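Chain residues, written in single-letter form:
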Amino acid sequence: MPDAEDVRRIALSLPDTTEQIAWSMPTFRVAGKMFATLPEDETSIAVRCPKEERNELVLAEPGKFWIADHESQFAWVRARLEAIEDEGELRDILADSWRQAAPPRLLEAHPRLGLPAQ
């Protein structure tokens, strides 16, 4: 089961990522744009997720994913760290969120980053 330190290590390994405290919690940003947070005493992560996809995630895996009330109008979803299968799944989730926030120059420099392993 991944933990908060795994989130930090993986998030900070992504290009041009920094950690910053905001709202009394760690946040991770690519080129200054937030793509992940560690809320709930660092027992979950909040990541970017298109609204149409996040509803499917929550319905498919309600023990893993949920939408926080105050984020319902935004394209974010939460995931319980204890429910994430392994480091590979955590890496895929974080890289996908990074990809949604990264500027075009980084996406062009790292075209495969954030795509699921095949």
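Residues numbered from 1 in each chain as written. Predicted model: local features only at pLDDT ≥ 70, side-chain atom pairs only at ≥ 80, totals over all residues. Heavy atoms only, no water.

Under an unreviewed UniProt entry, the protein chain has the name MmcQ/YjbR family DNA-binding protein and belongs to Streptomyces collinus.

Engineer: Any details on the side chain of R54? Residues and values, ideally.
Structural biologist: The residue R54 is located in helix α2 (residues 51-60) in this model. The buried charged residue R54 lacks any salt bridge, with E71 as its nearest oppositely charged partner at 6.6 Å. Reaching out from R54, the side chain makes a polar contact with the backbone oxygen of E71 at a distance of 3.3 Å. Excluding residues that lie within four positions of it along the chain, R54 makes contacts with C49, I67, E71, S72, F74, W76 and V77. (Helix = DSSP H or I, 4+ residues; strand = E, 2+ residues; numbered from the N terminus. Buried < 20%, exposed > 50% of the residue type's maximum accessible area, 1.4 Å probe, protein only. Lys, Arg positive; Asp, Glu negative; His and termini not counted. Salt bridge = Lys/Arg side-chain N within 4 Å of Asp/Glu carboxyl O. Polar contact = N/O pair within 3.5 Å; in protein donor to acceptor, adjacent residues only side chain to side chain. Contact = heavy atoms within 4.5 Å.)

Engineer: Outline the sheet that holds strand β3 (residues 33-37), listing residues and values.
Structural biologist: Spatially, six strands are ordered β1-β2-β3-β4-β6-β5 in an open sheet, and the strand pairing comes out antiparallel. At either margin of the open sheet sits one strand with a lone partner, and together these are β1 (17-22) and β5 (65-66). Relative to strand β4 (residues 44-48), β3 runs antiparallel, the two sharing two bridges. Residue pairing in the sheet places A36 in a bridge with V47 of β4. (Pairing = 2+ DSSP bridges.)

Engineer: How would you summarise the pattern of salt bridges if you had to cite specific residues and measurements?
Structural biologist: The tally for this structure, following the rule as stated, stands at ten salt bridges. A salt bridge links E19 to R8, with the nearest nitrogen and oxygen atoms 3.1 Å apart. You can see E19 sitting in strand β1 and its partner R8 sitting in helix α1 (residues 4-13), a full eleven residues away along the chain. Overlapping salt bridges, with partners in common, bring together E5, R8, E19 and E42 in one network.

Engineer: Requested: an account of the nonpolar core, with residues and values cited.
Structural biologist: V7, F35, I45, L90 and L94 are the most contacted members of the largest nonpolar core, which has 27 residues in total. With six residues, the single largest contributor to this core is helix α3 (residues 87-101). (Core = buried A, V, L, I, M, F, W, Y, C linked by side-chain atoms within 4.5 Å.)

Engineer: How would you sum up α1? Please name residues and give values.
Structural biologist: Every buried residue belonging to α1 is among A4, D6, V7, R8, I10 and A11, and all of these are buried. Buried positions along α1 lie against β1, β2 (25-30), β3, β4 and α3.

Engineer: Any details on the environment of A4? Residues and values, ideally.
Structural biologist: Note on placement: A4 falls in helix α1. A4 sits in the buried class, given a relative accessible area of 9%. Separated by 41 residues in the primary sequence, A4 and I45 place their C-alpha atoms 8.6 Å from one another. Not counting residues within four places of it along the chain, the set of residues in contact with A4 comprises L38, E42 and L81.

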